[in-house]
Amino acid sequence: MYNNLQAIVLAAGKSSRFISRQSKLIEKICGQEMILYITKLLEKMKIDTTLVIGHKREVIESLVKAHHNNEINFAFQEEQKGTGHAVLCSREFWKKDHILILNGDVPLITEQIINSLFQKHLQNNAVISFVIAHNIDPQMKSYGRVVQNGNSIKIIEAKDETEERKEDFCINAGIYLINKNFLEIAINELYESKVTKELYITDLIEIANIKNQKIETFSVDFDFIRGINTLQELWAVEQIKRAEIIKYWMDCGIRFSTAQNNHIDLNVTIGSGTSIGSGVQIYKNSKIGNNCVIESFSVIDGSIIEDDVVIKSHTLIENSTVKNNCVIGSFTHIHSGSSVDSNSIISNFVEVKKSDIGSGVKIKHLTYIGDSEIGNNVNIGAGTVTCNYNGFKKEKTIIQEDAFIGSNNSLVAPVVIGKGAYTAAGSVITSDVPENSMAIARTEQINKKDYAQVIREKFNDASTLLSMTGAISSSPVILSEVRSTESKDD
Amino acid sequence: MYNNLQAIVLAAGKSSRFISRQSKLIEKICGQEMILYITKLLEKMKIDTTLVIGHKREVIESLVKAHHNNEINFAFQEEQKGTGHAVLCSREFWKKDHILILNGDVPLITEQIINSLFQKHLQNNAVISFVIAHNIDPQMKSYGRVVQNGNSIKIIEAKDETEERKEDFCINAGIYLINKNFLEIAINELYESKVTKELYITDLIEIANIKNQKIETFSVDFDFIRGINTLQELWAVEQIKRAEIIKYWMDCGIRFSTAQNNHIDLNVTIGSGTSIGSGVQIYKNSKIGNNCVIESFSVIDGSIIEDDVVIKSHTLIENSTVKNNCVIGSFTHIHSGSSVDSNSIISNFVEVKKSDIGSGVKIKHLTYIGDSEIGNNVNIGAGTVTCNYNGFKKEKTIIQEDAFIGSNNSLVAPVVIGKGAYTAAGSVITSDVPENSMAIARTEQINKKDYAQVIREKFNDASTLLSMTGAISSSPVILSEVRSTESKDD
Amino acid sequence: MYNNLQAIVLAAGKSSRFISRQSKLIEKICGQEMILYITKLLEKMKIDTTLVIGHKREVIESLVKAHHNNEINFAFQEEQKGTGHAVLCSREFWKKDHILILNGDVPLITEQIINSLFQKHLQNNAVISFVIAHNIDPQMKSYGRVVQNGNSIKIIEAKDETEERKEDFCINAGIYLINKNFLEIAINELYESKVTKELYITDLIEIANIKNQKIETFSVDFDFIRGINTLQELWAVEQIKRAEIIKYWMDCGIRFSTAQNNHIDLNVTIGSGTSIGSGVQIYKNSKIGNNCVIESFSVIDGSIIEDDVVIKSHTLIENSTVKNNCVIGSFTHIHSGSSVDSNSIISNFVEVKKSDIGSGVKIKHLTYIGDSEIGNNVNIGAGTVTCNYNGFKKEKTIIQEDAFIGSNNSLVAPVVIGKGAYTAAGSVITSDVPENSMAIARTEQINKKDYAQVIREKFNDASTLLSMTGAISSSPVILSEVRSTESKDD
């Protein structure tokens, strides 16, 4: 379909208004780098593509190659001498009858626009056709102004514009279709701008005019051809893309309670019947199943969530898998490299890191599970810590099925808690616990009668002060003075 | 006032574009099911109401009954054969002189619109009157187009429309007032659509035209009569409702810092002088007192918060009560069935579940309180866990007033800590502590001189590696090799 | 430049529509009190300023004085008898040839507007000049309507308006420049409104008309002169200010992923290359360095964050300092008065309060550090608590460099852990640990063979029930019945 068409993508310019950032072309929009929106669209349309690169060329080249199996050509523009010069740098790659030239920073352009431009170009036997749009804001200083005068048409680059721009005008989108034969001759006739000393691709229009060649324009909605020269423009484009993605998922049966707050990356998939709460963000290639609930302020990053999972509020899941029917959160952090099997509950102030959790497991409060394997139906008490690091290396904790770990346990890895074993609350488990055994590692309780009174008397004044001021406590201890007495008593 | 008026609500249709969800009519908008917006409005206006149900009839019938003391009639439409057929199915309930027919999916309709339509209908002796609006988006495919031609008026259903719709047209809102006598005759004259084989209520208009009967239209702002056929339309309607609710509370003296991010359910009440932070959501019938502060990203669900309470950021409170002057959060989770008396502080990484907390209590860090009663002025140290579950059943923890629980305690329920008692840091409390006693359950500390050096020498290479790479640690332990040595030493 | 110009700011009115709040003039907009937007603008322009105060006069006077080194005069209006009366109350301060009169509730007014008004006033030899704007909403009831009729011009105060306002009209912004000589005479000619019995400053216009004096108007965009009489208007103004601030920082090279959700106070500074996630809020005079990442739902308040810091999601930092290259969060709370030196990591469910953390420190899980000094390269295990409060006073915990604290430790302050020392997991450290020593305070583990089976048999029925119902556990313990047996065995 596009056999006699090839594309030149201009991707060599400096991103001067992005300050201290790298090339704008590698800034991500809904999880995909800006330049890839163009290259992937052209790949999908099977149009041969050449990128003209210069500023940050290595970064852009390696990014594009990583996503395209080396099918794309790269031309190099050493100095930034204008768009016309950039096109000139790609001369060795001109092969097809028609050459599509476009900027790398218009990620919202569609297949339909390119196709329509091409059809109109062919039907009218134009030597040059280009996309225009109606400007909505005279402050948009980065677009050339298209001036039509009878049969003549020209583009005045913003940088060269002498007069204040009027409220309303037609802009040049920077997307051209040029007859190769015409281009080969006309490119040599470009002259330097008096203002900037650059060669402008836009002067090809005037050259065509002078030669009485056919010029076509194709008008589109401005939103599709928004270029990105500032971080404000980047934000606007991402907003449009984000809205498009969210509308798509709404049409697939996903309910967003406060869609204006959500972020969904381009490559995410979401099953129907799922509800998404306020502020939820879903990144990378995450896959969310059917009939899930993801509550407010949760973030899912590069993870697979199967069907009927409830992710409660303020929960983070990174590069992990959660199977059917689990409940994760609130306030849970599943770190990279973890998996949670079906019907498990992991909740408040619990971290799971590089661990595999079985099915039917409950880990519900204030717990750290790292480098662990947890069998089916294990129950882990509040405040439990797997001590997976000894200062030198990480060790594994294995808790076999049906085991029951008491609260506030420290499980010192490497350690294995056998099937159906119990551990007593407050234990430090340093050696393996056999199947069905009970491990206990704690001291008997002693109640010192009236001792609280003794403490208070010792600190009588302080105590009075305390009760008067209602001082706010932090993390209570027993007084050190008392402590020494205790030691003797023991 | 509306004695000679009754209403037929069409609630039988499939929600085909809601995919995998149940009937759209039970989707909640600001906490109230869509269908109840109509039925409650009609109830408030004391208009006799009949619901025509079909798809998911049981669900809708039981929901409506649960909210209306059985005052509403239900007609059943077995097959989905169009709006005209749905009206026909309600025939046995036609009793009043005038019949208001409207869809169940227009939740933003107001008393004023129905009243004005009725007055105009009466004043003009119309046989049929209906609500129209100006369309703002020609893509809105779900509305019939109203075509006026001299005295004649008709509605072309979107499904039957043959030509591409123009940019701008008048839509039929689907809200009709029909003279009963006319309806009884005209309903028999409805014919099947050639396109869909359905009977359309809209054809009654044409029938009235043919009969030279008086037809009235009443024009309203489109926002009031938005119907909901897609999840996008549901989102739009909820946005409008949400904005209306938030504006109402602003007028009552509540400051919203970032109102566009907040969600407040229909039945929530908020006292004046209260400030609401970014992202805050308040659900169900929550009552917030005067002069409260609710900081960002907190969620209040079905709870009573009294006056002068500060709820800090990232806090969840569910089906619980918090009395005057408390400070709750940041990062606190008060689960269902809890109460917190005045002047208490519950804060970072603390969970409270099915527990009653007294006044002047401090529970400030990394603590789990479940199935507990906490007396006045109790102070609970960081890292404390009430061990309320033994694998078989839940047990209670009672901490009496003025008690002071040391940090990192495990309180093994059932257990009672007496008035004014102390527990030492790190204790596992397994039996009751009498009043004013001090409980201690821990081992004496032993310092092994230069032993850290011994460990390091054993792992000399690893240690060097560690210091060179700055490896990131997780959860430190003491090496197992060393551990065995320790055991011998002890 | 403005030598012959002085300003009278009307700040005496009641904020009746702010309900239960104090004066609207002290409500903050992007972190600065409303009235200070005017007074600081006038100070910057070096225009002598007099505030007319009345309602909540002490609060306003002390606020303004605290920010202005007493350069501002205060006139007192005892009764609220209209704007004309308010101006009259400032009579003793009239000194300059031209008097700028404006309301204290128009915080978005700019230097350019005042300057242009003044220039136009001078050039045209007007006795009175005032700012007008085009009204966008006829519901805006708080603005006077400007009526021009040939050469005559007058303002009809909203309160005195008899007819329904038309859709579109010119409003009086309440910003006047008046010739002092004219004012001195005309002020005596003001008469009471028949409707409100107030004196209106706006009637000066009519008086000038009658006297055939020159009157000038200066038209500006409505957004600049928005007044604030309701909390809705306050919200709208803060939205505009917030957008302005965020656009400014975008131009400085900061990327906001979802700018519509962010809040940045007026006095915050942000280094270029920094990225700001969804919902992030930055308050007071926080300074954020270059190339930082601040992830979603984090709040920075009055803190200094140096370069290359990553603040992960759901993190709070208050009145603290974080140096280069640290990683803070997710779910971290750095309380007031803390500092974290470079290259440290503080993360999930960790609180730091009034503590100084060295460089290269790792505190990664479920830990409370209060009133502590932590040396360089210290590693603190999960679940550790510094027990800094004994019920009477706060004590310090000192952990010297290279120390390694095992998991689930309780460090009972005051206590010093020496350089390079180790503590064993699960220890309660009550006395100092010498350099390079290892401290251990825990009991040896006992494994009771088949004891788990014994427990299960005891609760056989319950156990069966449990496995059948899949009951959800909370915080596991060992049964109290078993517990007593244990005690005997020990």
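Residues numbered from 1 in each chain as written. Chains lettered and ligands numbered in written order. Predicted model: local features only at pLDDT ≥ 70, side-chain atom pairs only at ≥ 80, totals over all residues. Heavy atoms only, no water.

**What about the pattern of salt bridges?**
The line we're drawing: Salt bridges are defined as contacts in which a side-chain nitrogen from Lys or Arg sits within 4 Å of a carboxyl oxygen from Asp or Glu. Helix and strand assignments follow DSSP, with helices taken as H or I runs no shorter than four residues and strands as E runs no shorter than two, numbered in order from the N terminus. When a residue's accessible area, from a 1.4 Å probe over protein chains only, is under 20% of the maximum for its type it is buried; when over 50% it is exposed; and in between it is partly exposed.
Under the defined criterion, the tally for this structure stands at 51 salt bridges over all chains. The shortest N-O distance in the salt bridge between Arg-255 of chain C and Glu-238 of chain A comes to 3.1 Å. A residue pair is termed interchain when its members come from two chains, as with Arg-255 of chain C in strand S12 (residues 255-256) and Glu-238 of chain A in helix H7 (residues 231-251). Accessibility classification places Arg-255 of chain C together with Glu-238 of chain A in one group, the buried group. Notably, a salt bridge pairs Glu-216 of chain B with Lys-120 of chain B, separated by 3.5 Å at the nearest N-O pair. A residue pair is termed long-range when its members are at least 10 positions apart, and Glu-216 of chain B in strand S11 (residues 215-220) and Lys-120 of chain B in helix H4 (residues 111-123) qualify at 96 residues. In this structure Lys-120 of chain B comes out as partly exposed when scored by relative accessible area, which is 28%. Three or more residues are tied together by salt bridges with common partners; here these are Glu-27, Glu-238 and Arg-242 of chain A together with Arg-255 of chain C.

**Let's talk about the interface of chain B and chain A**
Here is the rule we go by: Note on contacts: a residue pair is in contact if any heavy atoms of the two residues lie within 4.5 Å. For any pair of parts, buried area is found by adding up, for both, the accessible area (1.4 Å probe) each one loses once the two are put together.
Facing 96 residues of chain B, the contacting portion of chain A comprises 82 residues. Together, the buried faces of chain B and chain A total about 6500 Å²; carbon and sulfur atoms form 55% of this surface. Our count for the contact surface shared by chain B and chain A stands at two salt bridges. We note a salt bridge from Glu-27 of chain B to Arg-255 of chain A, for which the minimum N-O separation is 2.9 Å.

**Focus: the domain arrangement of chain A**
Residues and elements named next belong to chain A. Our working rule: The source of the domain bounds is an automatic or database domain assignment.
Assigned domains of chain A: these are domain 1 (5-225), domain 2 (252-337), domain 3 (351-445) and domain 4 (451-489). The C-alpha centroid of domain 2 is placed 39 Å from the C-alpha centroid of domain 1. Counting residues at the interface gives four residues for domain 1, matched by four residues for domain 2. Carbon and sulfur atoms make up 58% of the surface buried where domain 1 meets domain 2, a total of about 320 Å² over both sides. On the domain 1 side of the interface with domain 2, the three residues burying the most area are Cys-30, Gly-31 and Gln-32, jointly 83% of the side's total.

**Side note on the packing of H7 of chain A against helix H7 (residues 231-251) of chain C**
Operational definition: Simply put, an axis is a line fit to the C-alpha atoms, just over the touching stretch for a helix, and the angle between two N-to-C directions goes from 0 to 180 degrees. Roughly parallel means an angle under 35 degrees; roughly antiparallel means over 145; roughly perpendicular covers 65 to 115; every other angle is labelled oblique. Throughout, the ten residues Ala, Val, Leu, Ile, Met, Phe, Trp, Tyr, Cys and Pro are labelled nonpolar, Asp, Glu, Lys and Arg are labelled charged, and all others, Gly among them, are labelled polar.
Between H7 of chain A and H7 of chain C, the shortest axis-to-axis distance is 8 Å and the interhelical angle comes to 115°. One finds that H7 of chain A runs roughly perpendicular with respect to H7 of chain C. Contacts between H7 of chain A and H7 of chain C pair Leu-231, Gln-232 and Trp-235 of chain A from the former with Lys-247, Met-250 and Asp-251 of chain C from the latter. Across the contact of H7 of chain A with H7 of chain C, the residue classes break down as three nonpolar, one polar and two charged.

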